[in-house]
Every structure is written in structure tokens, then in C-alpha cells.
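Letter by letter, the chains look like this.
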Amino acid sequence: MLEALSNLDRNLFLFINSWNAGWLNPIMVLLSGQALWIPLIGLVIWMARKQLDRRSFGIFFLFLLLGIVASDVTSSYLLKNLVERLRPCRLPELKVLTNQFGQKCGGKYGFVSSHAANSICLMSFAFLVLEMKSWKYYCLWLLPVMVSFSRIYLGVHYPGDIIGGLLVGFFWAYMLAKFFKLRRQTT
């Protein structure tokens, strides 16, 4: 069963990575970079400041930071070192089959994706706590989806790494949103 899942993960990785398109490559590199986070985090903070009183905003900001740190530590340090699954760009037999785009491969291990964990944690926490019911806010979900997809496209993660990262990020967002709401009810 595990071998079948591993083969499916590998084949899906190779299929997505093979979509190499000259016009799409720089977009995927941009999506995997750090610069994209600044406007998104700024938007979430601006919305929180608009919707929450000063004290609740401070707690929101603290919990948001805690969520991103918790998802990053869980994915980057705990799970990657516990599972020790090599990234596809670290395997010689896959490296020859993989499109490379000039970006760094990243650390040795890839399960789970920190990019997926952190981006879904940010968006999930914001959606679970703030009033974001308009269609324009739902469009923001495209960002963590595209960031996650870019990691496979660029050859640095398997789809299973992404799914694991999404679960880790959502777990922390959900737990901290529960604590945030509970704290607001008791004050």
C-alpha cells in the first residue's frame, strides 16, 4: 500500500513538473519566493486592525505570528527530520527527469512543505477569525494553492509533501482560531 502511494506521488510529481512552459516559469519562481508574503500579511493585518478592537488586534497579531512559527517549526524541524524523506531534486534518478529552473533545491528533506504549511496557516487563521465573506476575499485562497503548486512545478516537493504541509498549517490555524475565539468570549 505504501509503495503504491509512493509511486502515485512520484508519478504525479513528474507529470506536474513536466508542464514546463517558458511564460509560466518566472511566475512559479515568484510564487515560491519571499516577496509575495509581504503584501498578503499586510492585507491580513490591515483587515484585522479594521475589524478588531485594539486589545483583540494585539492578541490576533500574536496568534498569527504564533501560528506561522508553529507551522514552520512543525514542518521544517520536527516532521522533516523525523520522516527524512529526500526532496525529489536531491534524488539522482529523479533529478535527470526533472525540469530545473535555477532556484535552490532547499534543505535535504521535503516532507512536509513549509511553504504550504505557512501559507495555509496564514489564510486559514484569517478566514476563521475575521469577517471575510466577500468573493474578493475568497480569491485570496488562490495564493496558498498556487504557492503549493509552484513547489511541485519547480521540482522541490512531491504532492504528498504539499498535502502534509496543508494539513499541518490548517491544524495550527484551527487550534489558534479556537483559542482566539474562546479568549474573546471570556473577556
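Remember, predicted model here, so these are calculated numbers, not experimental data.

Participant: Describe the pattern of salt bridges, and please don't skip the residues or the numbers.
Facilitator: One pass over the structure, following the stated rule, counts 2 salt bridges. For Arg 85, the salt bridge identified is with Asp 9, shortest N-O distance 2.7 Å. With Arg 85 in the loop between helix H4 (54-83) and helix H5 (92-95) and Asp 9 in helix H1 (residues 2-17), this residue pair connects regions lying 76 residues apart in the sequence. Overall, Arg 85 belongs to the partly exposed group, its relative accessible area being 22%. Asp 161 is the partner of Arg 85 in a salt bridge, and the nearest nitrogen-oxygen pair spans 3.1 Å. Of the two residues, Arg 85 is situated in the loop between H4 and H5 and Asp 161 in helix H9 (residues 159-186); the sequence distance between them amounts to 76 residues. A single network of salt bridges, built from pairs that share partners, joins Asp 9, Arg 85 and Asp 161.

Participant: A description of helix H8 (residues 142-153) should follow, citing residues and the corresponding values.
Facilitator: The end-to-end C-alpha distance of H8 is 16 Å, a good match for the 16 Å that 12 residues give at a rise of 1.5 Å each. What H8 keeps buried is the set Pro 144, Val 147, Ser 148, Phe 149, Ser 150, Arg 151, Ile 152 and Tyr 153. Directly beyond the C-terminal end of H8, a positive phi value near 85° is found at Gly 155.

The rules behind each value
Residues numbered from 1 in each chain as written. Predicted model: local features only at pLDDT ≥ 70, side-chain atom pairs only at ≥ 80, totals over all residues. Heavy atoms only, no water. Salt bridge = Lys/Arg side-chain N within 4 Å of Asp/Glu carboxyl O. Helix = DSSP H or I, 4+ residues; strand = E, 2+ residues; numbered from the N terminus. Buried < 20%, exposed > 50% of the residue type's maximum accessible area, 1.4 Å probe, protein only. Expected span 1.5 Å × (residues − 1).

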